[in-house]
Amino acid sequence: MNKLTLENADISEHAKQSIASVSLSYDKPLSPVALQDLVDTFKRIESGRTTYDQEDDRLLGEWGEAKAREV
């Protein structure tokens, strides 16, 4: 099985550019798990299964759950 990279990800060039831009915000490269999650997110959006707004809501929900566990 091939290692997932932006080059071999089955997403649009725009999605790849978005992920590359996000990764510039961090000191370390994206982990394989984080990269896979971003690719999966863009696949859902590009296939029409979800929208950007739905994905944004999902991510905010996950963030809220993680913050609640910190308390």
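The paragraphs below set out a description of the structure included in this document. Worth saying up front: this structure is predicted, and the values here are computed from it rather than measured.

Rules used in this analysis
- Residues numbered from 1 in each chain as written.
- Predicted model: local features only at pLDDT ≥ 70, side-chain atom pairs only at ≥ 80, totals over all residues.
- Heavy atoms only, no water.
- Helix = DSSP H or I, 4+ residues; strand = E, 2+ residues; numbered from the N terminus.
- Buried < 20%, exposed > 50% of the residue type's maximum accessible area, 1.4 Å probe, protein only.
- Contact = heavy atoms within 4.5 Å.
- Salt bridge = Lys/Arg side-chain N within 4 Å of Asp/Glu carboxyl O.
- Axes fitted to C-alpha atoms, helices over the stretch in contact; angles between N-to-C directions.
- Left-handed = near helix turned anticlockwise from the far one by under 90°.
- Nonpolar A, V, L, I, M, F, W, Y, C, P; charged D, E, K, R; others polar.
- Core = buried A, V, L, I, M, F, W, Y, C linked by side-chain atoms within 4.5 Å.

## Quick notes on the overall build of the protein chain
Point 1. Helix and strand content of the protein chain: three helices and zero strands.
Point 2. Taken from the N to the C terminus, the helices and strands of the protein chain come in the order α-α-α.
Point 3. By principal-axis analysis of the C-alpha atoms, the protein chain measures approximately 40 × 30 × 25 Å.
Point 4. Split into buried and exposed, the 71 residues of the protein chain put 17% on the buried side.
Point 5. Considering only intrachain contacts with a sequence separation of at least 6, the fraction spanning at least 24 residues in the protein chain is 38%.

## A short note on the pattern of salt bridges
Point 1. Applying the stated criterion across every chain yields a total of five salt bridges.
Point 2. The salt bridge involving Glu13 is made with Lys16; its shortest N-O contact spans 3.5 Å. On the criterion of helical spacing, the pair formed by Glu13 and Lys16 is a turn pair, its members being three residues apart in helix H1 (residues 13–23).
Point 3. Residue Glu70 is joined to Lys67 by a salt bridge in which the shortest nitrogen-to-oxygen separation is 3.2 Å. Taken together, the residues span about one helical turn, with Glu70 and Lys67 both in helix H3 (residues 52–70) at a distance of three residues.

## Some points on the packing of helix H2 (residues 32–47) against H3
Point 1. Viewed as axis vectors pointing N to C, H2 and H3 meet at an angle of 145°, and their least axial separation amounts to 9 Å. The handedness of the crossing between H2 and H3 is right-handed. Of the residues in H3, those touching H2 at Asp37, Thr41, Phe42, Arg44 and Ile45 are Tyr52, Glu55 and Arg58.
Point 2. Broken down by class, the residue content of the contact of H2 with H3 amounts to three nonpolar, one polar and four charged.

## Observations regarding the nonpolar core
Point 1. If you look at the biggest cluster of nonpolar residues, it comprises seven residues: Ala9, Ile11, Ala15, Ile19, Leu35, Val39 and Phe42.
Point 2. Broken down by secondary-structure element, the contributors of at least two residues to this core are H1 and H2.
Point 3. The greatest single-element share of this core, amounting to three residues, is contributed by H2.
Point 4. Those residues in contact with Ala15 that lie beyond four places of it in its chain are Phe42 and Glu46.

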